[in-house]
Amino acid sequence: MARERFRKHINKLEDEMMDLGCTVAAAVGHAISALKNRDVDAAKKIVNDDMIINRKRWETEENCINLIALQQPVASDLREIVAIMNIITDLERIGDYAEGVAKIVILLGKEPLVKPLDNIPQMAEKGLDMLNRSIKAFIERDSDMAKKICDEDDEVDKLYDKTYHELLSRMIAKPDTITNATYLIWASHNFERIADRVTNICERTIFLVTGSMQKINVSKY
Amino acid sequence: MEFKTSIETFDLNLFYGDFQALKNISMKIPDKNITAIIGPSGCGKSTLLRCFNRMNDLVEGTRLEGRLVIYNDKRLGNVLANDIDLIALRKKVGMVFQRPNVFNLSIYENLRFGLCIHQMLSKKDEILAEIQNSLEHVGLWNDLKDKLGKNARSLTLEQQQRLCIARVLILKPEIILLDEPCSALDPMATLKIEELLRILRKEYSLVIVTHNMQQAARVSDYTGFLYIGELVEFGETTQVFTNPKEKLTENRSILLWQENASENT
């Protein structure tokens, strides 16, 4: 088969992207647990391990650039490499959101929370589930699934909305809770952004399958 | 850049009469890899390639200076020396040309020819075994095993070029020089020959001259960029094509790339 070597390189890029996706999903999962359990040690590990995510992203990006420079991909091959380059950037940013939550866990320490976490873990779990399915949709070239995942971002936005307004009310009622409440808003916002990045990943799947670049769901935030 | 060296040149200069075509070329060709030599037309790519098996001797008025060593065979010594055994050199360093230059003979005779010249084998069954082996190496055996008596010129151009490579392989060389080996082929045949070269690199050191930058990028492990007879840059292909060290490589390679792209549209 002509260009067998090229195909192997593209498959390797997909493997690297999936590996990065798994590492990032694990970081998000750990961030959720660290926040729920107020586990500062676990949070410190997430912060330290973010450099693994960054390194993997740079390596894959370099491999994408090399493949474009050396193998002159066209059509769906080119779209796939461009899509992977964009997806790994989104994945790396999702890793940063997990790191952001971990830093807030460290800042909070053992200080009592201004309110129970309530919707925050639920919102985070929803984003994590969307993330895992978005990678699957890419690998399976399932643009219908990708569109569906994009629509689910509205649920995350609603949960964030609710959390945000609750925390705002608390701050107005009890100004001495502003610092604590702000930390929780930051954590929530990090989780909310994960879902936004997932919609970007889904848009790349749609681009790969259809060749058309389109914004599927514009997040409120 | 760590690699085992197959060929090394030391201050190689080549003159065609008063014209200096190669200037102080000192480079190492890695063993069991593909090295591409690229550069604009007339920069000395083919001239350099032809130094490796002294093909330039056929051009009147050629004068060589410097040293050129092929490792793994100390008997050859300096390849540029006057008293070198050219037949032994060209057996060790085979060459494939731009257009498939099969002889107007049967496929069998095309392959047997070199064995006879070098008096390598005489028994018919041994010759046939070598013919089979070389044709298998280039992916032609299954197609041609029942047609060995057919005239080689009746084959497609891609098959003819594969046969030319088989004709080199049958002499058990260590190094294969390829001078624009795909320039007469269509894009699909080109890609197939490139795949073949990637397979051959496991056993042979290959040096390819090409004016096609994209081909050099696709197929080679190392790249040398020649400009007006000088080796401007030599390095891993990935590095030369994505992050050249020399500004001249960067500027000229962009121009060459664009030139190639416009040729292909």
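Shown above is the structure to which this text applies.
My aim in this report is to walk through the structure given alongside it, one point at a time. All figures in this text were calculated on a predicted structure; none of them were measured in a lab.

Parameters and conventions
- Within each chain, residue numbers correspond to sequence positions counted from 1 in written order.
- To label them, take the chains in the order written and letter them from A, then take the ligands in the order written and number them from 1.
- Residue-level local features of this predicted model are given only where pLDDT is at least 70; pairs of side-chain atoms are given and counted only at 80 or more, and the full residue set underlies all totals for whole chains, interfaces and linings.
- Excluded from the side-chain calculation are hydrogens and water; included are all heavy atoms of the structure.
- Secondary structure elements are taken from DSSP: a helix is a run of H or I of four residues or more, a strand is a run of E of two residues or more, and numbering for both begins at the N terminus.
- The globule rule used here is 2.2 Å times the number of residues to the 0.38 power, and the radius of gyration it is set against is calculated over C-alpha atoms.
- Buried means the residue's accessible area, taken with a 1.4 Å probe over protein chains only, is under 20% of the maximum for its type, while exposed means over 50%, and partly exposed covers the values in between.
- The Shrake-Rupley method, run with a 1.4 Å probe sphere, supplies the accessible areas, and residue values consider only the shown protein chains as cover.
- Working convention for charge: Lys and Arg count positive, Asp and Glu count negative, and His plus the chain ends are omitted.
- Just so you know, the charge point we use is NZ for Lys, CZ for Arg, CG for Asp and CD for Glu.
- Any pair of residues with heavy atoms lying within 4.5 Å of one another is described as a contacting pair.
- Following DSSP output, two strands are said to pair if at least two bridges run between them.
- A carboxyl oxygen of Asp or Glu within 4 Å of a side-chain nitrogen of Lys or Arg is what we treat as a salt bridge.
- Side-chain atoms within 4.5 Å link the members of a nonpolar core, which is a set of buried Ala, Val, Leu, Ile, Met, Phe, Trp, Tyr and Cys residues.
- As a rule, the C-alpha atoms of each element are fitted with a line to give its axis, helices using only the stretch in contact, and angles between N-to-C directions run from 0 to 180 degrees.
- For classification purposes, angles smaller than 35 degrees are called roughly parallel, those larger than 145 roughly antiparallel, those between 65 and 115 roughly perpendicular, and all remaining angles oblique.
- Crossing handedness follows the turn of the near helix against the far one: under a right angle anticlockwise gives a left-handed crossing, and clockwise gives a right-handed one.
- Under this grouping Gly is polar, as are all residues other than the nonpolar Ala, Val, Leu, Ile, Met, Phe, Trp, Tyr, Cys and Pro and the charged Asp, Glu, Lys and Arg.
- Planes of paired rings set the category: under 30 degrees apart is stacked, over 60 is edge-to-face and the rest tilted, where pairs are Phe, Tyr or Trp rings (Trp by its six-membered ring) whose centres lie within 6.5 Å.

Turning next to the overall build of chain B. Helix and strand content of chain B: 10 helices and nine strands. A globule of 265 residues ought to have a C-alpha radius of gyration of about 18 Å, and chain B, at 18 Å, matches this closely. Dimensions of chain B, computed from C-alpha atoms along their principal axes, come out at roughly 55 × 50 × 35 Å. Going through the 265 residues of chain B one by one, you find that 52% of them count as buried. Of the roughly 12300 Å² that chain B leaves accessible, carbon and sulfur atoms contribute 48%. In chain B, the 33 positive side-chain charges and the 34 negative ones have mean positions that sit 4 Å from each other.

Another aspect to go through is the overall build of chain A. Helices and strands together make up the secondary structure of chain A, namely seven helices and zero strands. The N-to-C order of helical and strand elements in chain A reads α-α-α-α-α-α-α. Rg of the C-alpha trace for chain A: 19 Å, near the compact-globule value of 17 Å for 221 residues, within the 12% margin. Taken over the C-alpha atoms alone, chain A extends approximately 70 × 35 × 20 Å along its principal axes. With 221 residues in all, chain A has 53% of them scored as buried. Restricting the contact set of chain A to residue pairs at least 6 apart, pairs at least 24 apart contribute 84%. Of the roughly 10100 Å² that chain A leaves accessible, carbon and sulfur atoms contribute 56%. Charge centroids of chain A, computed over 32 positive and 37 negative side chains, lie 0 Å from each other.

Residues and elements named next belong to chain B. The buried fraction of strand 3 (residues 34-38) amounts to five of the five residues, a majority that puts the element mostly inside the structure. Here strand 3 shows no split at all, with Ile34, Ala36 and Ile38 on one side and Thr35 and Ile37 on the other all buried. In this structure, strand 3 lies alongside strand 7 (residues 205-209), joined through four bridges in parallel fashion. Bridge pairing in strand 7 places Thr35 opposite Val207. Inspection of the sheet shows strand 3 paired to strand 8 (residues 222-227) by four bridges, in the parallel sense. Bridging from a neighbouring strand, Thr35 pairs with Tyr222 of strand 8.

So, on to the pattern of salt bridges. Residues and elements named next belong to chain A. Per the counting criterion, the structure on display carries 36 salt bridges over all chains. For the salt bridge of Lys148 with Glu152, the shortest nitrogen-to-oxygen distance reads 3.1 Å. In this structure Lys148 comes out as partly exposed when scored by relative accessible area, which is 48%. The structure contains a network of salt bridges with shared partners spanning Lys126, Asp129, Arg133, Lys148, Glu152 and Glu155.

Turning our attention to the nonpolar core. Counting residues in each nonpolar core, the largest one holds 64 residues, and the members touching the most others are A:Leu35, A:Leu91, A:Leu131 and A:Phe191. Within the residue set of this core, elements represented by two or more residues are helix 1 (4-37), helix 2 (40-71), helix 3 (75-108), helix 4 (119-139), helix 5 (143-151), helix 6 (153-173) and helix 7 (178-210) of chain A. If near-sequence neighbours (up to four positions away) are discounted, A:Phe191 is found in contact with A:Ala31, A:Ile32, A:Leu35, A:Val101, A:Ile120, A:Met123 and A:Ala124. B:Tyr108, B:Leu163, B:Ala166 and B:Leu197 belong to the second largest nonpolar core, which has 48 residues in total.

Next up on the list: the packing of helix 4 of chain A against helix 6 of chain A. All names here are of chain A. Remark: helix 4 packs on helix 6, axes separated minimally by 9 Å, with the N-to-C direction vectors making an angle of 160 degrees. In terms of orientation, helix 4 lies roughly antiparallel with respect to helix 6. Helix 6 is crossed by helix 4, and the crossing has left-handed handedness. Residues Asn119, Ile120, Gln122, Met123, Lys126 and Met130 of helix 4 form the contact with helix 6, whose own contacting residues are Asp153, Glu155, Val156, Leu159, Tyr160, Lys162, Thr163 and Glu166. Grouping the constituent residues of the contact of helix 4 with helix 6 by class yields six nonpolar, three polar and five charged.

This next bit is on the sheet that holds strand 2 (residues 19-30) of chain B. Residue and element names in this part refer to chain B. Read from one edge of the open sheet, three strands run 2-1-4, paired in antiparallel fashion. Strands with a single pairing partner mark the edges of an open sheet, and in this sheet they are strand 2 and strand 4 (62-70). On average, adjacent strands in this sheet sit at an angle of 5 degrees to one another, irrespective of strand direction. Strand direction decides the pairing type here: strand 1 (residues 5-16) and strand 2, joined by eight bridges, are antiparallel. Bridging from a neighbouring strand, Leu12 pairs with Ile25 of strand 2.

To continue, consider the packing of aromatic side chains. Residues and elements named next belong to chain A. Summed over all chains, the structure comprises five aromatic pairs over all chains. Ring centres of Tyr160 and Tyr164 lie 6.0 Å apart, and the angle between their planes is 25 degrees; on these two criteria the pair is classed as stacked. On the criterion of helical spacing, the pair formed by Tyr160 and Tyr164 is a turn pair, its members being four residues apart in helix 6. Note on Tyr160: relative accessible area 5%, which makes it buried.

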